[in-house]
There are 2 protein chains.
Amino acid sequence: MSDITSPELPDAAGEGPLSYAIFQLARAHRGHAAAMLRAMNLHPGQELLLMQLFDHDGLTQGELLERVGLDHSTVSKSLRRMQDAGLLTREPAAHDRRVMVVHLTDAGRDLKEPIADMWRSLEKISVRGLTADQVQAFIGWARVIEKTVRDHSRRPPAE
Amino acid sequence: MSDITSPELPDAAGEGPLSYAIFQLARAHRGHAAAMLRAMNLHPGQELLLMQLFDHDGLTQGELLERVGLDHSTVSKSLRRMQDAGLLTREPAAHDRRVMVVHLTDAGRDLKEPIADMWRSLEKISVRGLTADQVQAFIGWARVIEKTVRDHSRRPPAE
DNA sequence: ACCGATTGTGTGGCTAGCCAAGTAATTGCT
DNA sequence: AGCAATTACTTGGCTAGCCACACAATCGGT
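Residues numbered from 1 in each chain as written. Chains lettered and ligands numbered in written order. Predicted model: local features only at pLDDT ≥ 70, side-chain atom pairs only at ≥ 80, totals over all residues. Heavy atoms only, no water.

A. How the structure looks around the protein's contact with DNA strand C. As a structural note, the neighbourhood of DNA strand C is formed by 29 residues, with Ser73 of chain A together with Arg27, Gln61, Ser76 and Lys77 of chain B the closest of them. Side-chain polar atom of arginine 81 of chain A to a phosphate oxygen of DNA strand C: 2.8 Å apart, as the coordinates give it. With respect to DNA strand C, the side chain of histidine 72 of chain B contributes an N or O atom lying 2.8 Å from a base oxygen. Of all elements in the fold, only helix H4 (72-84) of chain A together with helix H1 (17-38), helix H3 (61-68) and helix H4 (72-84) of chain B reach the threshold of two or more residues within the surface near DNA strand C. Looking at the surface near DNA strand C, its residues break down into 5 nonpolar, 13 polar and 11 charged. (Near = heavy atom within 4 Å. Polar contact = N/O pair within 3.5 Å; in protein donor to acceptor, adjacent residues only side chain to side chain. Helix = DSSP H or I, 4+ residues; strand = E, 2+ residues; numbered from the N terminus. Nonpolar A, V, L, I, M, F, W, Y, C, P; charged D, E, K, R; others polar.)

Structural data, given as structure tokens:
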């Protein structure tokens, strides 16, 4: 339906516009998010961590990275920068001094509504061109693709 | 771990799983591409530039960045690293010594088939969970979302 | 011709994100 | 108890990607 024909795309290079579409979509989406986040002195990715903390203050770093799915080093560095920015604190847990418990500061909590607004705005814009059903289908398929790709990443490429 | 199914997602934080789905899909997809590219000593993003050159050797840096849509500084640095790796050459054009003409070396050309294979493989895997119609619909909607977001990025946020 | 505007690239500086290696604390096995 | 394995996190090193600034070559108007 509609025009999926698409005039110029790197067809000649490969014949898979799906990967290309994912790449371009993610870049545009991320770019727009970055622009909105900049107004709050945040960087893309940080809002995901903060959103987890808004709902579950006091999470450990490990629980945090499990929820967002990023590399532990990425989370560590990102949290450090946010700590330097005064948005949160990190202290070793009493019962296990390896784990770092993350708590929001007042400044961090103040970002809850702005981030929620920005998130809603981003969502509203992203969804504008599609019907609700299409959006739901899109999300479902995105998860299917993600899962498929992830499963293949785990497995050794013994294909 | 193991079950990253979909039970808990940051619903409480915002109610827009679309943005989250895009983010996670892109990350998984990019990660898988990165793993395959690593075998060729490439980094994600470089294959896009190379694919353009496979079909249009002798492009200028400006034409190249226009096709992939990245920032000129990103392209500049990425090309420099690929030049250092011996994959391509950059020389100022005769008629306009500002523009840099990019040419593949033999080593660069040798990557054409490996990259095409990798791209096809990535595509095949990504598509595995969906029907052909679903894939086409997904791509079409992805482009719609991308366009919508991009249009809103251009406009000042005078909403 | 001249000099300001524009164009095409390069560089610096920042964060995101990954992998690999290192460190400290806890657990577990003997 | 003691010591190896595991766990939680940190650090270093690399590239991608952006923005802002700098620079050289070309274009344009007078």
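B. Summary view of helix H2 (residues 46-55) of chain A. When you tally the buried positions in H2 of chain A, you get 9 out of 10 residues, the bulk of the element. Restricting attention to buried positions, one finds in H2 of chain A the residues Gln46, Glu47, Leu48, Leu49, Leu50, Met51, Gln52, Leu53 and Phe54 of chain A. (Buried < 20%, exposed > 50% of the residue type's maximum accessible area, 1.4 Å probe, protein only.)

C. Quick peek at the pattern of salt bridges. Inspection of every chain in the model, using the stated rule, returns 14 salt bridges over all chains. Of the charged contacts, one joins arginine 98 of chain B and aspartate 96 of chain B as a salt bridge, the two residues approaching to 2.9 Å between their closest N and O atoms. Of the residues examined, arginine 98 of chain B reaches a relative accessible area of 71% and is grouped as exposed. Owing to a relative accessible area of 21%, aspartate 96 of chain B belongs among the partly exposed residues under this scheme. A salt bridge links arginine 150 of chain B to glutamate 146 of chain B, with the nearest nitrogen and oxygen atoms 2.8 Å apart. Taken together, the positions of arginine 150 of chain B and glutamate 146 of chain B, both in helix H7 (residues 132-154) and 4 residues apart, correspond to about one turn of that helix. Using a relative accessible area of 29% as the deciding quantity, one classes arginine 150 of chain B as partly exposed. Residue glutamate 146 of chain B is classed as buried on the basis of its relative accessible area of 14%. Here the salt bridges do not stand alone but share partners, grouping Asp57, Asp106 and Arg109 of chain A into one network. (Salt bridge = Lys/Arg side-chain N within 4 Å of Asp/Glu carboxyl O.)

D. Region of interest: the interface of chain A and chain B. Taken together, the contacts link 63 residues of chain A with 64 residues of chain B. A combined buried area of about 6200 Å² lies between chain A and chain B, and 69% of that area is made up of carbon and sulfur atoms. By the criterion of area lost to chain B, the three top residues of chain A are Leu18, Phe138 and Trp141 of chain A, representing 11% of everything that side buries. Where chain A packs against chain B, one counts 0 salt bridges. Linking chain A with chain B are 14 residue pairs in polar contact (both at pLDDT 80 or more), by the criterion used here. Top contributing element to the side of chain A that touches chain B by residue count: helix H7 (residues 132-154) of chain A, with 18 residues. Residue composition of the side of chain A that touches chain B, grouped by class: 33 nonpolar, 15 polar and 15 charged. (Contact = heavy atoms within 4.5 Å. Buried area = accessible area lost by both parts, 1.4 Å probe.)

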